[in-house]
Amino acid sequence: MPKIYILTGSNIGDSLALLQQAKLKINQLIGLVVEVSSIYKTAPWGNTNQQDFLNQVLLVETRLLPEQVLQM
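Residues numbered from 1 in each chain as written. Predicted model: local features only at pLDDT ≥ 70, side-chain atom pairs only at ≥ 80, totals over all residues. Heavy atoms only, no water.

1. Considering the overall build of the protein
Check the secondary structure of the protein and you find two helices and four strands. Walking the protein from its N terminus toward its C terminus, one meets helices and strands in the order β-α-β-β-β-α. Here the C-alpha coordinates of the protein stretch approximately 40 × 20 × 15 Å along the principal axes. Of all 72 residues assigned to the protein, the portion counted as buried reaches 25%. (Helix = DSSP H or I, 4+ residues; strand = E, 2+ residues; numbered from the N terminus. Buried < 20%, exposed > 50% of the residue type's maximum accessible area, 1.4 Å probe, protein only.)

2. Here's the deal with the environment of Asp 52
Here Asp 52 lies in the loop between strand S3 (40-42) and strand S4 (53-61). Distance from Asp 52 to Ser 10, taken between C-alpha atoms, is 8.5 Å for residues 42 residues apart in sequence.

3. Things to note about the environment of Leu 18
By secondary structure assignment, the location of Leu 18 is in helix H1 (residues 15-29). Classification of Leu 18 by relative accessible area gives partly exposed; the value is 35%. Considering only alpha carbons, one finds Leu 18 and Thr 8, 10 residues apart in sequence, at a separation of 9.3 Å.

4. A few points about a nonpolar patch on the surface
On the surface, a cluster of nonpolar side chains totalling about 350 Å² of accessible area is made up of Tyr 5, Leu 7 and Val 57. By secondary structure assignment, the location of Tyr 5 is in strand S1 (residues 3-10). (Patch = residues over 30% accessible without salt bridge, like charges linked within 9 Å, V, L, I, M, F, W, Y side chains within 5 Å. Areas by Shrake-Rupley, 256 points an atom, 1.4 Å probe, with all protein chains shown as cover. Salt bridge = Lys/Arg side-chain N within 4 Å of Asp/Glu carboxyl O.)

5. A few points about H1
With 15 residues, H1 should reach 21 Å at 1.5 Å per residue; the first-to-last C-alpha distance of 21 Å fits that figure. Among the residues of H1, Ser 15, Leu 19 and Ile 26 are the ones counted as buried. Projection of H1 onto a plane perpendicular to its axis shows the buried side chains occupying an angular sector of 50°, all on one side. Facing away from the buried surface of H1 by more than 90 degrees, the exposed residues are Gln 21 and Gln 28. In this fold, the buried residues of H1 make contact with S1, strand S2 (32-36) and S4. (Expected span 1.5 Å × (residues − 1). Arc of directions from axis to C-beta. Contact = heavy atoms within 4.5 Å.)

6. Section: the side chain of Ser 10
For Ser 10, the position within the fold is in strand S1. A distance of 3.5 Å separates a polar atom in the side chain of Ser 10 from the backbone nitrogen of Ile 12. With residues near it in sequence (within four places) discarded, Ser 10 still touches Ser 15, Leu 18, Leu 19, Asp 52, Phe 53 and Leu 54. (Polar contact = N/O pair within 3.5 Å; in protein donor to acceptor, adjacent residues only side chain to side chain.)

7. Focus: the side chain of Ser 15
Residue placement: Ser 15 occurs in helix H1. A relative accessible area of 10% means that Ser 15 is categorised as buried. Apart from residues lying up to four places away in sequence, Ser 15 is in contact with Ser 10 and Leu 54.

As structure tokens, then:
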């Protein structure tokens, strides 16, 4: 089955909970999340007048076409 990488990130509210919610939603709508990276805290760039981000990469098995994934 094809595999894709999806980067998730948040810097608003409870970012850790939002990353978890995103992982669950991706698992429901796009495909099976088979691996997850560590969570990384990164400083914003561009507009630096905001909170740091929490970021994570998910490896997902999916039967969807790339265009379908982008529409989710």
